[in-house]
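Breakdown of the fold
Here is how the chains run, residue by residue.
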Amino acid sequence: MYRYDKYDQAMVDARVADFRDQTRRRIAGLMTDDQFKPLRLKNGLYLQLHAYMLRVAIPYGTLNSRQMRKLAHIARTYDRGYGHFTTRQNIQYNWIKLEQAPDILAELATVEMHAIRRAGKASATFPPTITRAPLPTR
Amino acid sequence: MKIITGNDLRTGAVIWWTGQDWSVHVEDAADVGDHGEQILAVEDAACRVNGGYVIEAVKDADGGVRPAHIKDRVRALGPTVRPDLTLKPADPNAGNWVI
C-alpha cells in the first residue's frame, strides 16, 4: 500500500487549495468553461451525460479500512450512497456537484487519497493506479 | 421546434431553457426559434449553464416536449440502467418514452 510522506501530503493539500480557488472563480464567472475544463479534468472531474463524475485513484488497488470508510462517507454525504469501482480499480462517483468537489478532495487528502490526473487527456500521460485488472474480465 | 439544453454549472444537473429560466423537466422547455445561440451566449456569460446547446425537438400528442435525438431523451429522463434514479422512478413506462 502506498503511504504518503510529508512531501506527498503537502503537494496534495496544495492541489486541493488550488482547485478550491479555481472552482470558486469558475462559479463566480471569473473563468470560462474553456479555461476551467482542463483544470477540473486534471483533478479527476468529468462532466458526463447526467451530472459531474469524480474518479478517485486507488494506488495499487489497495485500501485500508480508514480509506474505505472515507469512500463510503463521501458516497453518502456527497453522492447518492454508492460509487463504481472500475476495472482499473479506481472509484467513480456519478452524481457530484461542482461546488462540493473541493470539499471531497479535501476529505480524500485526509486519508492519503486524491483524484489527480484521473480524467481526460491528463490521465493518458500519467500512470494508471494499476496496469490492468488482476482477474480476467471474462 | 428548437430548444436549449445544457448542465447546471454548480450541480451538473441536466437543464432545459423555459424561456425565462432553467428547469430540470424537459416538458418545461420553450421553443426558441432562431434565438438559441443568442440566449446561450447570455446564459453562459452569466454562469447559469455549462456546455449548453440547441437541439431539435417535437411536441408530443399530449403537449409534452420530446427531443429529436435519443441522447437528449436519455438526458431528459435519467440513467436508463437505474430507473430509480430517473426523474420518474414511479412510472414503469418512462423508459418507453426514451426509445
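Look up: the structure comes first, before these words.
To keep things clear, this report deals only with the structure shown in the data block. Owing to the predicted nature of the structure, the values given are computational and were not obtained by experimental measurement.

Okay, the overall build of chain A next. Per the secondary structure count, chain A includes five helices and four strands. Listed by position from the N terminus, the elements making up chain A come as α-α-β-β-α-β-β-α-α. Across the 138 residues in chain A, those meeting the buried criterion constitute 45%. Contacts in chain A between residues at least 24 apart in sequence constitute 67% of all its contacts with a sequence separation of at least 6.

What follows deals with the side chain of B:Asn7. Residue placement: B:Asn7 occurs in strand β1 (residues 2-7). When neighbours within four sequence positions are excluded, B:Asn7 is seen to be in contact with A:Leu47, A:Gln48, A:Leu49, A:His50, A:Ala51, B:Gly12, B:Ala13, B:Val14, B:Ile15, B:Val49, B:Asn50 and B:Arg75.

Right, let's talk about the sheet that holds strand β5 (residues 65-67) of chain B for a bit. Residues and elements named next belong to chain B. One open sheet accounts for five strands, arranged β3-β2-β1-β4-β5; its pairing is antiparallel. Every interior strand has two partners, whereas the edge strands, β3 (22-23) and β5, have only one. As defined by bridge partners, β1 adjoins strand β2 (residues 14-17) across three bridges and the pair is classed as antiparallel. Note that in β2 the partner of Gly6 across the bridge is Ile15.

End to end, helix α1 (residues 6-27) of chain A covers 32 Å across 22 residues, agreeing with the expected 32 Å (1.5 Å per residue, within 8%). Contacts from the buried residues of α1(A) go to α2 (33-42), β1 (45-47) and α4 (101-109) of chain A together with β4 (50-59) of chain B. Near the N-terminus of α1(A), the side chain that reaches the backbone nitrogen of A:Tyr7, with its oxygen 3.0 Å away, is that of A:Asp5. The first or second residue beyond α1(A) is A:Gly29, which carries a positive phi of 85°.

Moving on to the packing of α1(A) against α2(A). Residues and elements named next belong to chain A. For the pair α1 and α2, the least separation of the axes is 11 Å and the interaxial angle reads 155°. As judged from the angle between their axes, α1 and α2 are roughly antiparallel. Crossing of α1 against α2: the hand is left-handed. Taking contact as the criterion, the partners of Arg15, Phe19, Gln22, Thr23 and Arg26 in α1 are, on α2, Asp33, Phe36, Leu39, Arg40 and Lys42. Looking at side-chain class alone, the contact of α1 with α2 contains three nonpolar, two polar and five charged residues.

What follows deals with the pairing of β1(B). All names here are of chain B. β1 sits mainly inside the fold: five of its six residues count as buried. Pairing of β1 with β4 involves five bridges; the strand directions are antiparallel. The residue of β4 that forms the bridge with Ile3 is Ile55. Linking two consecutive strands that pair antiparallel, namely β1 and β2, is a turn of six residues; a positive phi of about 85° is found at Gly12 within it.

The next point concerns the interface of chain B and chain A. Each partner contributes residues to the interface: chain B has 17 residues there, and chain A has 17 residues. When chain B packs against chain A, close to 1,500 Å² is buried across both sides, 56% of that on carbon and sulfur atoms. By the criterion of area lost to chain A, the three top residues of chain B are B:Leu9, B:Arg10 and B:Asn50, representing 36% of everything that side buries. At the junction of chain B with chain A, the criterion picks out one salt bridge. Residue A:Glu99 pairs with B:Arg10 through a salt bridge whose shortest N-O separation is 3.1 Å. Per-element accounting of the side of chain B that touches chain A gives the leading share, three residues, to helix α2 (residues 70-77) of chain B. Considering only residue class, the side of chain B that touches chain A consists of seven nonpolar, five polar and five charged.

Reading the values: rules and limits
- Just so you know, the residues in each chain are numbered from 1, in the order the chain's sequence is written.
- Working convention: letters from A go to chains and numbers from 1 go to ligands, in the order in which they are written.
- Local features are withheld for residues below a pLDDT of 70 in this predicted model, meaning they are given only at 70 or higher, and side-chain atom pairs are given and counted only at 80 or more; totals for whole chains, interfaces and linings count all residues.
- In computing side-chain properties, one takes all heavy atoms of the structure into account and sets aside hydrogens as well as water.
- Strands here mean DSSP runs of E at least two residues long; helices mean DSSP runs of H or I at least four residues long; both are numbered from the N terminus.
- Exposed residues in this analysis have more than 50% of their type's maximum accessible area, buried residues have under 20%, and partly exposed residues fall in between, with area computed by a 1.4 Å probe over protein chains only.
- Any pair of residues with heavy atoms lying within 4.5 Å of one another is described as a contacting pair.
- The criterion for strand pairing is that DSSP finds at least two bridges linking the strands in question.
- Expected helix span is computed as 1.5 Å times (number of residues minus one).
- Under this definition, polar contacts are N or O atom pairs within 3.5 Å; protein pairs additionally need one hydrogen-donor-capable and one acceptor-capable atom, and for neighbouring residues in sequence, both atoms have to be side-chain atoms.
- Here the axes come from fitting lines to C-alpha atoms, over the contacting stretch only for helices, and the angles between their N-to-C directions go from 0 to 180 degrees.
- The labels follow the angle: roughly parallel below 35 degrees, roughly antiparallel above 145, roughly perpendicular from 65 to 115, and oblique for the rest.
- Crossings are classed by handedness, with left-handed meaning an anticlockwise turn of the near helix from the far one by less than a right angle and right-handed meaning a clockwise turn.
- Put simply, Ala, Val, Leu, Ile, Met, Phe, Trp, Tyr, Cys and Pro go in the nonpolar bin, Asp, Glu, Lys and Arg in the charged bin, and everything else, Gly too, in the polar bin.
- Buried area, as used here, totals the accessible surface that two parts lose on assembly, with accessibility defined by a 1.4 Å probe and the loss added over both.
- For this analysis, a salt bridge means a side-chain nitrogen from Lys or Arg found within 4 Å of a carboxyl oxygen belonging to Asp or Glu.

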